[in-house]
Amino acid sequence: MFEAMLRGWEKQQQSRLLARKTIEDRLSLVRRFTVFTATYPWEWMPEDVEAYFSHQLSGGSPQAHSTVRGQQGDLQMFCAFIVDGRYGWAAACEEAFGQVPAQVCHDWNTADHVAEFEGRPGRRALTYDELQALFDAADDLVEQKRKRRRKGVLAAWRDAVMLKQVYAYGTRRRETSMLDLQDLRHNPRAKGYGRFGALEVRFGKASRGSPPKRRTVLTVPEVDWIVPVLEEWVDEVRIGFSPGGHPALWMTERCGRLGVRRLDEVFAAVRAHAGLPEELELHCLRHTYITHLIEFGYPERFVQEQVGHAYASTTALYTWVSDEYRNRLMEASLRRRMERANAKEVGVR
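Figured I'd write up the structure that's included with this text. (Residues numbered from 1 in each chain as written. Predicted model: local features only at pLDDT ≥ 70, side-chain atom pairs only at ≥ 80, totals over all residues. Heavy atoms only, no water.)

Thoughts on the overall build of the chain
Piece 1. Broken down by element type, the chain carries 14 helices and 3 strands.
Piece 2. Within the span of the chain, comprising 349 residues, buried residues form 40% of the whole.
Piece 3. Of all intrachain contacts in the chain linking residues separated by at least 6 positions in sequence, the fraction that spans at least 24 positions is 63%.
Piece 4. Within the structure as shown, the chain displays about 19,600 Å² of accessible surface, and the carbon and sulfur contribution to it stands at 51%. (Helix = DSSP H or I, 4+ residues; strand = E, 2+ residues; numbered from the N terminus. Buried < 20%, exposed > 50% of the residue type's maximum accessible area, 1.4 Å probe, protein only. Contact = heavy atoms within 4.5 Å. Areas by Shrake-Rupley, 256 points an atom, 1.4 Å probe, with all protein chains shown as cover.)

Here's the deal with the packing of helix 6 (residues 128–147) against helix 10 (residues 260–274)
The description of two helices packed together rests on the angle between their axes and the distance between the axes.
Piece 1. In the contact formed by helix 6 and helix 10, the axes pass within 8 Å of each other and the chain directions differ by 100°. As summarised for this structure, helix 6 and helix 10 are arranged roughly perpendicular, according to the angle between their axes. Where helix 6 approaches helix 10, its residues Ala133, Leu134, Ala137, Ala138, Asp140, Leu141 and Gln144 are matched on the opposing element by Phe267, Val270, Arg271, His273 and Ala274.
Piece 2. By residue class, the composition of the contact of helix 6 with helix 10 is 8 nonpolar, 2 polar and 2 charged. (Axes fitted to C-alpha atoms, helices over the stretch in contact; angles between N-to-C directions. Parallel < 35°, antiparallel > 145°, perpendicular 65-115°, else oblique. Nonpolar A, V, L, I, M, F, W, Y, C, P; charged D, E, K, R; others polar.)

Here we look at the environment of glutamine 103
Piece 1. Within the secondary structure, glutamine 103 sits in the loop between helix 5 (89–97) and helix 6.
Piece 2. Here glutamine 103 falls in the partly exposed class, since its relative accessible area comes to 23%.
Piece 3. Between the C-alpha atom of glutamine 103 and that of cysteine 79, which follows or precedes it by 24 residues, the distance is 5.2 Å.
Piece 4. Polar side-chain contacts of glutamine 103 include one of 3.1 Å to the backbone nitrogen of cysteine 105. (Polar contact = N/O pair within 3.5 Å; in protein donor to acceptor, adjacent residues only side chain to side chain.)

Brief notes about the pattern of salt bridges
Piece 1. Counted under the stated rule, the structure contains 23 salt bridges.
Piece 2. Here arginine 195 makes a salt bridge to aspartate 235, at a shortest N to O gap of 2.4 Å. Here the residue arginine 195 occupies a position in the loop between strand 1 (184–185) and strand 2 (198–204), and aspartate 235 occupies one in helix 9 (residues 226–237), the gap between them amounting to 40 residues.
Piece 3. With relative accessibility at 29%, the residue arginine 195 sits in the partly exposed group.
Piece 4. Overall, aspartate 235 belongs to the partly exposed group, its relative accessible area being 43%.
Piece 5. Put simply, Arg158, Asp159, Glu253, Arg262 and Glu265 are held in one network by salt bridges that share partners. (Salt bridge = Lys/Arg side-chain N within 4 Å of Asp/Glu carboxyl O.)

Observations regarding the sheet that holds strand 2
Piece 1. With respect to topology, 3 strands assemble into an open sheet ordered 1-2-3, the strand pairing being antiparallel. Edge positions in the sheet fall to strand 1 and strand 3 (213–218), since each of these pairs with one other strand and no more.
Piece 2. Pairing geometry for strand 2 and strand 3, over 5 bridges, is antiparallel. Bridge pairing in strand 3 places valine 201 opposite arginine 215. (Pairing = 2+ DSSP bridges.)

Considering helix 9
Piece 1. Three or more residues of helix 9 are buried, namely Ile226, Val227, Leu230, Trp233, Val234 and Val237.
Piece 2. In this structure, the buried residues of helix 9 make contact with helix 7 (153–169) and strand 1.

Points about the packing of aromatic side chains
Piece 1. Enumeration according to the criterion identifies 17 aromatic pairs in this entry.
Piece 2. Plain terms: the ring middles of phenylalanine 81 and tyrosine 87 are 4.5 Å apart, the flat faces sit at 50° to each other, and that makes the pair tilted.
Piece 3. Aromatic ring contacts, followed pair by pair, group Trp9, Phe33, Phe36, Trp44, Tyr52, Phe53 and Phe78 into a single cluster. (Phe/Tyr/Trp six-rings, centres within 6.5 Å; stacked < 30°, edge-to-face > 60°.)

Remarks on a positive patch on the surface
Piece 1. On the surface, Arg335, Arg336, Arg337 and Arg340 cluster together into a patch of positive charge.
Piece 2. With respect to the element layout, arginine 336 can be found in helix 14 (residues 323–348). (Patch = residues over 30% accessible without salt bridge, like charges linked within 9 Å, V, L, I, M, F, W, Y side chains within 5 Å. Lys, Arg positive; Asp, Glu negative; His and termini not counted. Charge placed at Lys NZ, Arg CZ, Asp CG, Glu CD.)

Right, here's the structure in full:
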């Protein structure tokens, strides 16, 4: 009966066009919850929810608030499915076991979504000094391997350029992994950048049930140093991997596409070499890009479209402007106030 329930829920989610990973993660959660409680869904009680998530939040490495809240939502959806009269599971359980499943996730035993940003506090934008230290460390790893004539020079070179590209275009991990050579585009308004005037992101973060979102990220003048860096990679270095006809921009030593997990490993290695805090993650480069676009003076709508956020409020969550930038805003505000006061004084006279 239990496995039949899971198969039914799986088909329902497939019919909604949800991503395979989303479905598998939800099924896995229900199975883990079942093992923890040592009971089946028609026996579950609200206190089982409290016991399970209390356990998840204890120990040496408790799960993040957003993770727990998401899992509680998934469990609530499964319970809603099996108690829905249109599917007949309640009647089947009562006939077979003399018990019926019930909704066990309620407002009073699950977490509320009270904060817009639920990420780890350590996930922030890098300062300008930290960003430079990261890039310097990546370049230094290339030089070290070259001087020692060790294997992996090309891989280290790839890693250095890849990290710079993530920052220069604010791409997410999967977006970066799925980039192809054909995604390097011309921008008629920036002919000097050649085929590096824009980046076509075809595997953007999807909404529930939708295909990956697409967007075009323009190369902004403040980071046009990325143009010769990418040009050297594409024309001179990448060929060293013998890619053949493989379209991936970021290749592995075995002529495959660089995976998402490997991207995290690259960032962690360079971060350690640079001596930066362990709380920083690859995604922080995207936060840094958003922050710097704001500091460069680009309108919020432009920034929102560059990074592929559906709502401006989401863009604002990932902005950590520097003290220098805020001081400039304050100075400009004080200057305007002084000018108005002087104008008023002159008018009185």
